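# Summary of structural features
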Amino acid sequence: GKDGYRHYMEKELHEHPVAIGQTLQRITDPASKTITLPKMPFDPAQVPRVTITACGSAFYAGMVGRYWLESLARVPVEIDVASEMRYRDAPQPDKGVALLISQSGETADTLGVLRSLKKAGQSIVSVLNVEHSTMGRESDLVLGMVAGPEISVASTKAFTAQLSVLAALSIDFARARGTIDKTREESLTANLLDLPSRAAEVFTRVEAIQAMARVIAEARDVLYLGRGICTPIAYEGALKLKEISYIHAEAYAAGELKHGPISLIDRTVPVVAIAPSTILFDKTLSNLQEAKARGGRILAFTDAAGAKRLEGIAEHIVVLPDVDAFVAPILYAIPVQILAYEVALLKGTDVDQPRNLAKSVTVE
Ligand code: F6R
């Protein structure tokens, strides 16, 4: 049941901390602060390329995974949505690894890619919530999320669980490839292990998120911006808003703003920024100043240091706990999803069963 929550989605949003915690419990050792994933059915040091494929939110998780695998493990990554990857007929490298991400393990396009990349000689690793699924059975290795059942059509806790697995996998690859040392592995792992409590803190910010939601509920179009590893979180925010509130939203890498979408901006198009104060913060800040100068209403997710810099620029700020840039996308996904939920409540839509959507897309 819904355990007293109004919707499954609300319940499942509150399960983020547990989903992250249980997922990490299986694949980390808190005492030594190391990753304890199962042994890969290949040597990660010999992998020339990882090809990531998924659909929807799982694809955005994969985009974050690309940043981690590239920057930590120095492994080249190719990524595409499954419906495109399936028909690209792209060359696959010898000893390559295909990484499929799916909550259900049944998504037709993702399964189609799994089968074709297997035929092309790639090792198949799947990140799945439903491990006893078709994709689970056909994979060389299944990395389970431990998110528990997700009933709400819009994905919530599975997303942060996917990210937790991908973060651990990236550390594991980095260790095997000799691109991080023991101290770095411990500090990255410690950041992950700290996430469940940071994630729980997000729920003390719901009032600030509701203030943002009131601005968005009045809009017809919304722009989400991110940079670097938080760009996919902007995509996730825009997708979730579209799905459950039926408000049109687009997401862009903030640096792309001036290459087109800035022409959309006026008072009626709120701009939502995913902007933790990482090394890219100043660049995002200047993009937001540009948007503000054109009448845009800026709504920002940031931390205490970022909030200071955004004073006078952002109309609403949700101040999130300070976290390392490495785990910021996992933490920031939560308030971004809560925002979509709060807007849907204001719009009175059917949050758990949005029109035209199915939980598991088993046809092409
Ligand atoms: C978004 C959402 C969908 C799924 C996508 C993939 O809220 O739920 O975009 O993420 O359909 O589904 P799985 O992960 O089951 O392959």
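Below or above, wherever it landed, is the structure these notes cover. Worth saying up front: this structure is predicted, and the values here are computed from it rather than measured.

Residues Val50, Leu192, Ile216, Tyr224, Phe301 and Leu339 are the most contacted members of the largest nonpolar core, which totals 97 residues. Per-element tally for this core: the top contributor is helix 14 (residues 328–347), with 13 residues. Leaving out residues up to four positions away in the same chain, Tyr224 has contacts with Ile216, Ala234, Gly237, Ala238, Leu241, Ala249, Glu250, Ala251, Tyr252, Val272 and Leu339. Counting 19 residues, the second largest nonpolar core, distinct from the first, contains Leu223, Ala254, Val271 and Ala314.

In this section: the environment of Ala234. Note on placement: Ala234 falls in helix 11 (residues 231–245). Of the residues examined, Ala234 reaches a relative accessible area of 0% and is grouped as buried. It is 8.8 Å that separates the C-alpha atoms of Ala234 and Leu223, two residues lying 11 residues apart in sequence. Apart from the residues lying within four places of it in its own chain, the contact partners of Ala234 are Tyr224, Leu225, Gly226, Ala251 and Ile274.

What follows covers the sheet that holds strand 6 (residues 123–128). Here we have 5 strands laid out as an open sheet, ordered 4-3-5-6-7, and parallel in their pairing. Of all strands in the sheet, those bounded by a partner on one side alone are strand 4 (77–81) and strand 7 (141–144). Neighbour to neighbour, the strand axes of the sheet diverge by 20 degrees on average, direction disregarded. Where strand 3 (residues 50–54) and strand 5 (residues 97–102) come together, 4 bridges link them in parallel fashion. The residue of strand 5 that forms the bridge with Thr53 is Leu100. Docked against the sheet, helix 7 (residues 157–177) engages strand 3, strand 5, strand 6 and strand 7, running at close to 160 degrees with respect to strand 5.

Cut-offs and rules
- Residues numbered from 1 in each chain as written.
- Predicted model: local features only at pLDDT ≥ 70, side-chain atom pairs only at ≥ 80, totals over all residues.
- Heavy atoms only, no water.
- Core = buried A, V, L, I, M, F, W, Y, C linked by side-chain atoms within 4.5 Å.
- Buried < 20%, exposed > 50% of the residue type's maximum accessible area, 1.4 Å probe, protein only.
- Helix = DSSP H or I, 4+ residues; strand = E, 2+ residues; numbered from the N terminus.
- Contact = heavy atoms within 4.5 Å.
- Pairing = 2+ DSSP bridges.
- Axes fitted to C-alpha atoms, helices over the stretch in contact; angles between N-to-C directions.

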